[in-house]
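Here are the chains, one letter per residue:
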Amino acid sequence: HNTDRSTYFFMGRSSDDGQAPFVSGASGTGSSTTGESRSTGGRSRHPFQKQIREIIDTGGVAAKDRVRSVLQMSIDWFDLEVGVLSWIDLAGSVQRVIASAGDHPKFQEGSEEDLSETYCRRTATQSEPLMLENVEPQGWANSAYQTYRLSCYLGTKVLVGEQLYGTVFLGSRE
């Protein structure tokens, strides 16, 4: 999998209904493919970021459709199988798929899972993104691996304001 590419998703409130989050930009500090650190200062210096901005800026397209497009572009870019935006209820231990791209039977829009059976349970509670490669069915990841069979996972939490909304993640069974 192409894990040497850095991506940052920033979420906001959808202008469609004011409730659902949407990708509002992509910028940040990351490593280039040569390993040098850089700050984009809010400008898209990378073709991936430029493509995300083009999707976000597309007028007349519903927020959920823009999110699906960004997820599809992301799984294509990283050569992964599935991309998901999920809503998480920590108190109720529930994860609901809000938008998805790719072909994985467990990640259909509207589906709900017990949060304790997901990789996102850790992603939602830590400050840094979570990246897993060559996951083995052992330790804390065992139940998630048994449920989803994802051997590769790249996820980060989604905040609306300062409140946890959920996660956005990419993954693959191979």
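Everything quoted here is computed from the prediction, not taken from an experiment. Per chain, residues are indexed from 1 in the order of the written sequence. Residues qualify for local features only when their pLDDT is at least 70, as the model is predicted, and side-chain atom pairs are given and counted only at 80 or more; totals for whole chains, interfaces and linings, by contrast, use all residues. Side-chain figures throughout are based on the complete set of non-hydrogen atoms in the structure, without hydrogens or water.

Time to look at the pairing of strand β9 (residues 152–160). Here strand β8 (residues 130–132) runs beside β9; their pairing, made up of 3 bridges, is antiparallel. Pairing of Leu132 across the sheet is with Tyr153, part of β9. One bridge is not enough; two strands pair if DSSP finds at least two bridges between them. Counting from the N terminus, the helices are the DSSP runs of H or I reaching at least four residues and the strands are the DSSP runs of E reaching at least two. Pairing of β9 with strand β10 (residues 163–172) involves 9 bridges; the strand directions are antiparallel. Within β10, the position partnered with Val158 by the bridge is Gly166.

It is worth spelling out the pattern of salt bridges at this point. Salt bridge criterion: a side-chain nitrogen from Lys or Arg within 4 Å of a carboxyl oxygen from Asp or Glu. Summed over all chains, the structure comprises 4 salt bridges. Taking the shortest distance from any N to any O, the salt bridge between Glu109 and Arg68 comes out at 2.6 Å. Highlighted residues: Glu109 in the loop between β6 (94–102) and β7 (112–114) and Arg68 in helix α2 (residues 63–78), separated in sequence by 41 residues. Note on Glu109: relative accessible area 33%, which makes it partly exposed. Any residue under 20% of the maximum accessible area for its type is buried, any over 50% is exposed, and the rest in between are partly exposed; the area is computed with a 1.4 Å probe on protein chains only. Residue class for Arg68 comes out partly exposed when judged on its relative accessible area of 26%. Shared partners join several salt bridges into a network, and the residues in it are Asp65, Arg68 and Glu109.

Note that Gln95 resides in strand β6. Polar side-chain contacts of Gln95 include one of 3.1 Å to the side chain of Ser86. The contact criterion used is simple: two residues touch if any of their non-hydrogen atoms lie within 4.5 Å. Apart from residues no more than four positions distant in its own chain, Gln95 is found in contact with Ser86, Trp87, Ile88, Ser111, Glu112, Glu113, Leu115, Thr118, Cys120, Tyr148, Thr167 and Phe169. Any pair of N or O atoms that falls within 3.5 Å is considered a polar contact. Within protein, one atom must be able to donate a hydrogen and the other to accept it, and sequence-neighbouring residues count only if both atoms are side-chain atoms.

In this section: the confidence of the model for the protein chain. A residue-level look at the protein chain finds 74% of positions with pLDDT of 70 or above and a mean pLDDT of 76. The predictor rates its confidence in each residue with pLDDT, a number between 0 and 100. Segment residues 1–44: pLDDT under 50, and 106 contacts once partners within four positions in sequence are set aside and those in other chains are kept.

To continue, consider α2. Here the expected length of a helix is defined as 1.5 Å per residue gap, with one fewer gap than residues. Taking 1.5 Å per residue as the helical rise, α2 with its 16 residues ought to reach 22 Å, and the 22 Å between its terminal C-alpha atoms agrees with that figure. Looking one or two residues beyond α2, the residue adopting positive phi is Asp79, at roughly 55°.

The backbone phi angle of Asp79 is positive, close to 55°, even though this residue is not glycine. As for its position among the elements, Asp79 is in the loop between α2 and β5 (82–89). Even without being a glycine, Asn134 presents a positive backbone phi close to 50°. Looking at the secondary structure, you find Asn134 in the loop between β8 and α4 (142–148). Of the residues examined, Asn134 reaches a relative accessible area of 63% and is grouped as exposed.

Looking at the secondary structure, you find Ser143 in helix α4. Residues Ser143 and Thr118, 25 residues apart in the sequence, show an inter-C-alpha distance of 7.2 Å. Here Ser143 is in contact with Ser116, Glu117 and Arg121, once residues within four sequence places are set aside. At a separation of 3.3 Å, a polar atom in the side chain of Ser143 contacts the main-chain carbonyl oxygen of Ser116.

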